[in-house]
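# Chains, contacts and geometry: an overview
Residues per chain are reported as follows:
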Amino acid sequence: MPHFASPRDIKVGVVGYGGAFNMGRKHLLEMKRAGMTPFAVCEVDAERLAVAEDDFPGIETYGSLDAMLKRSDVNLLVHITPHNLHFPLAMKCVRAGKHVVTEKPFVVTTSEADRLIAAAEKQGVMVSTYHNRHWDGWVLRAKREIDKGVIGDVFRVEANMGGYRAPKDWWRTSESISGGVLYDWGVHLLEYALQVIDDEAVEVSGFAHRGHWEANVPKSFPWRGDMNEDEATAVIRFAKGSLLRLRISQLNALPDPHLVAFHGTKGCYVIRWDGWTTRTAGAAFRKTGKLTEKTGQHPKDQSHRYYQNVADYLCGKADLVITPQWARRPIHLIDLAKRSAAQNKSLKVKYG
Ligand SMILES: NC(=O)c1ccc[n+]([C@@H]2O[C@H](COP(=O)([O-])OP(=O)(O)OC[C@H]3O[C@@H](n4cnc5c(N)ncnc54)[C@H](O)[C@@H]3O)[C@@H](O)[C@H]2O)c1
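Residues numbered from 1 in each chain as written. Predicted model: local features only at pLDDT ≥ 70, side-chain atom pairs only at ≥ 80, totals over all residues. Heavy atoms only, no water.

## Re the packing of aromatic side chains
Within the structure shown, the criterion is met by ten aromatic pairs. With a centroid separation of 6.4 Å and an interplanar angle of 90 degrees, the aromatic rings of Trp138 and Tyr192 are classed as edge-to-face. Of this pair, Trp138 sits in helix H6 (residues 137-148) while Tyr192 sits in helix H8 (residues 185-196), placing them 54 residues apart in sequence. Each member of the pair, Trp138 as well as Tyr192, carries the same accessibility label: buried. (Phe/Tyr/Trp six-rings, centres within 6.5 Å; stacked < 30°, edge-to-face > 60°. Helix = DSSP H or I, 4+ residues; strand = E, 2+ residues; numbered from the N terminus. Buried < 20%, exposed > 50% of the residue type's maximum accessible area, 1.4 Å probe, protein only.)

## Here we look at the domain arrangement of the chain
By domain assignment, the chain separates into domain 1 (7-130) and domain 2 (137-301 + 331-348). A C-alpha centroid distance of 29 Å is found between domain 1 and domain 2. Contacts between domain 1 and domain 2 engage eleven residues on the former and 15 residues on the latter. Taken together, both faces of the contact between domain 1 and domain 2 bury some 1100 Å²; the carbon and sulfur share is 64%. On the domain 1 side of the interface with domain 2, the three residues burying the most area are His83, Lys104 and Thr110, jointly 43% of the side's total. Linking domain 1 with domain 2 are one salt bridge, by the criterion used here. In this structure, the salt-bridge partner of Asp184 is Lys104, at a minimum N-O distance of 2.6 Å. (Domains from an automatic or database assignment. Contact = heavy atoms within 4.5 Å. Buried area = accessible area lost by both parts, 1.4 Å probe. Salt bridge = Lys/Arg side-chain N within 4 Å of Asp/Glu carboxyl O.)

## Here's the deal with the site of the ligand
Around the ligand sit 26 residues, and of these Glu43, His83, Lys104, Trp171 and Arg172 come closest. The separation between an oxygen atom of the ligand and a polar main-chain atom of Ala20 is 3.0 Å. One of the side-chain nitrogen or oxygen atoms of His86 is found 3.1 Å away from an oxygen atom of the ligand. For the ligand, the accessible surface in isolation is 850 Å², of which the surrounding protein chains cover 86%. Considered class by class, the residues forming the shell around the ligand number twelve nonpolar, eight polar and six charged. Looking at the shell around the ligand, you find at least three residues from each of domain 1 (7-130) and domain 2 (137-301 + 331-348). (Near = heavy atom within 4 Å. Polar contact = N/O pair within 3.5 Å; in protein donor to acceptor, adjacent residues only side chain to side chain. Areas by Shrake-Rupley, 256 points an atom, 1.4 Å probe, with all protein chains shown as cover. Nonpolar A, V, L, I, M, F, W, Y, C, P; charged D, E, K, R; others polar.)

## Topic: the nonpolar core
Counting residues in each nonpolar core, the largest one holds 101 residues, and the members touching the most others are Met36, Leu76, Leu189, Phe262 and Tyr307. Residue contributions to this core peak at eight residues, all from H8. Taken domain by domain, this core gets at least three of its residues from each of domain 1 (7-130) and domain 2 (137-301 + 331-348). Residues within four places of Leu189 in sequence aside, it is in contact with Ala159, Asn160, Met161, Leu246, Ile248, Leu259 and Val260. (Core = buried A, V, L, I, M, F, W, Y, C linked by side-chain atoms within 4.5 Å.)

Pasting the structure below:
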């Protein structure tokens, strides 16, 4: 792996400078904060390319990845495109000898992950995924407390998101583009759980409900005929018997009060949008039979640490935290959940 003398020597380019969440700008600013040099933007939408020029005066701009790869000296390319493009565009960059970061999800299928990892190893370049939420304050604190033994041994994790609402008119609604309803927030929630559950996943059962929104959107709805599941659930069994249930729903009329709940032998640790709660069997439990409830605010997010680690890694000063093998784990589990739902049977895990 070629190492850079200084982060400043890492010339970074982003592929995709979309307007939904202005993620291209966020990435370039975080890479700059980590000492790297914002160098180029590739975007097929000319209006968004003009926004990038305004945000970063003097930055190189390209209307196609081929042109960028042909003409730019950029060393590290970050893919911030719709999900189905992560694999083909990242593969092109790896084959051109560039270091690569993809936004989450890493790619869409296990096979794509395997092929990208093999190509990166062959080329001697880095491949990683922007798991910024690895450093979310709420999961850092949850992991710290759970590792201290506050809730005992974790045996069940429940992760949920969604509500009862019609899908929006954007590419995330298209199954062939997004991969399915589990591939957006589901990847973050799985990555949280995998940080905390110190065990190997061995089996996945997937469940999906389809067709309700497909039948109830207007005929003119652009994604009709190619819509995500209304709801999908992955139930994951771990080697020592613990259970993880992930559910993303657009048909959930009883919204869940929490994002993630970790259940252990001494109580539970709950992550809600607005804070954390623990309910534990403390000293008083034997006498009163009552659990002790504590609540608090989440600590601040530290997502800037993602690019700090990438810069340190490329300068030979640290191990890579979000390796492609780590990024493959949630993708593999979601891929299996989809296939399991389609086949109506549980499937064995290869990369647990
Ligand atoms: N980590 C996070 O917190 C987080 C937050 C939001 C989005 N995301 C991820 O970021 C990615 C992009 O999502 P978004 O919300 O920014 O979408 P978006 O639609 O706003 O942006 C995607 C951009 O990619 C461009 N694009 C499409 N094909 C291209 C090509 N061949 N070459 C160059 N540009 C191309 C589009 O024109 C568009 O501007 C997704 O993977 C999404 O899951 C992650």
